[in-house]
Amino acid sequence: MKSQDELKVLVAREALRFVPKSGVLGVGSGSTVVKFIEQMQENKVLPEAAVSSSNKTTQLLTELGVKVLDPNEVTDYEVYIDGADEVDPKFRLIKGGGACLTREKILTSMAAKFVCIVDQSKMVQELGKFPLPVEVIPMAREKVARVLKEITGGRPVLREGCVTDNQCEILDVHDLRIQDPAALESAINNIPGVVTVGLFARRGADVVLYATEHEVKEIKASQA
């Protein structure tokens, strides 16, 4: 039986075919993306330039010799590749386990195609078992937590020792069953003090690659 790390390597290798031959590639963050960057190096499949969702990703890409651009220097671009903590049948996602959700959402919004790479354990029927990350401005943390409890019925917990690349904090909302992800995304984003919520429902993935014990499967949003 393959380990989760082995599954991540398989799906990361499969994602190499989405790397554009010219132009800019958007690269996310997290453990599966680290495997993807390693596969880029091993197979010598490097983009002309990249935009990155985290300081760690920027460092890894720079070490490969990839030019990492400030997103302000880039208009729309072709492909963004990133992982997820949960993926539902309509390609709506929970992201933010690595605390990079705001930059990930910005880069997703700029990409023509979002390719999500996961192992089969991340495929779920309903979002919410994984605690929902919400990035907050520190001075608003307790106020936001109270409102989150009121509107979701969930249990917000401060992620201890976590400061995002934006110098903000993360509240993880536990005990959720998210039946209308797009509506909840909008409602949470409208709370004063919220930077963004880790629901990617209004702009979900276009393609999902997920590794199983026997193969990497590809499904497209048009098939969902």
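None of these values were measured; they are calculated from a predicted model.

### Some points on helix α4 (residues 101-110)
Part 1 of the reasoning: Among the 10 residues of α4, 7 are classified as buried, and the element is accordingly described as predominantly covered.
Part 2 of the reasoning: Among all positions of α4, only Leu101, Thr102, Glu104, Lys105, Leu107, Thr108 and Met110 are buried.

### A closer look at the packing of aromatic side chains
Part 1 of the reasoning: Evaluation of the coordinates by the stated rule reveals 1 aromatic pair.
Part 2 of the reasoning: Each ring, one from Tyr80 and one from Phe114, has its centre 5.3 Å from the other, and the planes form 55°; the classification is tilted. Taken together, the positions of Tyr80 in strand β4 (residues 77-82) and Phe114 in strand β7 (residues 111-119) put the pair 34 residues apart, joining distant regions of the chain.
Part 3 of the reasoning: Looking at Tyr80, the relative accessible area reads 0%, which means it is buried.

### Here's the deal with the environment of Val118
Part 1 of the reasoning: Within the secondary structure, Val118 is located in strand β7.
Part 2 of the reasoning: A sequence separation of 23 residues divides Val118 from Arg141, and the C-alpha atoms of the two residues are 31 Å apart.
Part 3 of the reasoning: Not counting chain neighbours up to four residues away, the residues in contact with Val118 comprise Val11, Gly83, Ala84, Val87, Met123, Val208, Leu209, Tyr210 and Ala211.

### Observations regarding the sheet that holds strand β10 (residues 169-174)
Across a sheet, strands are paired by hydrogen bonds formed along the backbone, either parallel or antiparallel in direction.
Part 1 of the reasoning: Spatially, the 4 strands line up as an open sheet ordered β9-β10-β8-β11, and their pairing is antiparallel. Looking at strand neighbours, the two that pair on one side only are β9 (155-158) and β11 (194-197), the edges of this open sheet. Strand-to-strand twist in this sheet, taken as the mean axis angle between neighbours without regard to direction, amounts to 30°.
Part 2 of the reasoning: Bridge analysis of strand β8 (residues 132-136) against β11 gives 3 bridges, and the strand direction is antiparallel. Note that in β11 the partner of Val136 across the bridge is Val194.
Part 3 of the reasoning: Lying on the sheet, α4 is in contact with β8, β10 and β11; it crosses β11 at an angle near 65°.
Part 4 of the reasoning: Contacts from helix α6 (residues 181-189) reach β8 and β11, with the element oriented near 170° to β11.

### Regarding the sheet that holds β7
Part 1 of the reasoning: The strand order across the open sheet built from 7 strands is β3-β2-β1-β4-β7-β13-β14, with neighbouring strands paired in mixed fashion. Each having just a single partner strand, β3 (67-68) and β14 (216-220) make up the two edges of the open sheet.
Part 2 of the reasoning: Pairing of strand β13 (residues 207-211) with β14 involves 5 bridges; the strand directions are antiparallel. Within β14, the position partnered with Val207 by the bridge is Lys220.

### A word on the pattern of salt bridges
Part 1 of the reasoning: Scanning the model with the defined rule gives 13 salt bridges in all.
Part 2 of the reasoning: Salt-bridge contacts for Glu14 lead to Arg17; the nearest nitrogen and oxygen are separated by 2.8 Å.
Part 3 of the reasoning: The shortest N-O distance in the salt bridge between Asp206 and Arg203 comes to 2.9 Å.
Part 4 of the reasoning: A relative accessible area of 26% means that Arg203 is categorised as partly exposed.
Part 5 of the reasoning: Here the salt bridges do not stand alone but share partners, grouping Glu14, Arg17 and Glu218 into one network.

### Let's talk about the packing of helix α1 (residues 4-14) against helix α2 (residues 31-42)
Part 1 of the reasoning: With their axes 8 Å apart at the nearest point, α1 and α2 run at an angle of 55° to one another. Regarding the angle of α1 to α2, the classification is oblique. Where α1 crosses over α2, the handedness of that crossing is right-handed. Facing α1, whose interface residues are Asp5, Lys8, Val9, Val11, Ala12 and Arg13, α2 presents Ser31, Thr32, Lys35, Phe36 and Gln39.

Calculation notes
- Residues numbered from 1 in each chain as written.
- Predicted model: local features only at pLDDT ≥ 70, side-chain atom pairs only at ≥ 80, totals over all residues.
- Heavy atoms only, no water.
- Buried < 20%, exposed > 50% of the residue type's maximum accessible area, 1.4 Å probe, protein only.
- Helix = DSSP H or I, 4+ residues; strand = E, 2+ residues; numbered from the N terminus.
- Phe/Tyr/Trp six-rings, centres within 6.5 Å; stacked < 30°, edge-to-face > 60°.
- Contact = heavy atoms within 4.5 Å.
- Pairing = 2+ DSSP bridges.
- Axes fitted to C-alpha atoms, helices over the stretch in contact; angles between N-to-C directions.
- Salt bridge = Lys/Arg side-chain N within 4 Å of Asp/Glu carboxyl O.
- Parallel < 35°, antiparallel > 145°, perpendicular 65-115°, else oblique.
- Left-handed = near helix turned anticlockwise from the far one by under 90°.

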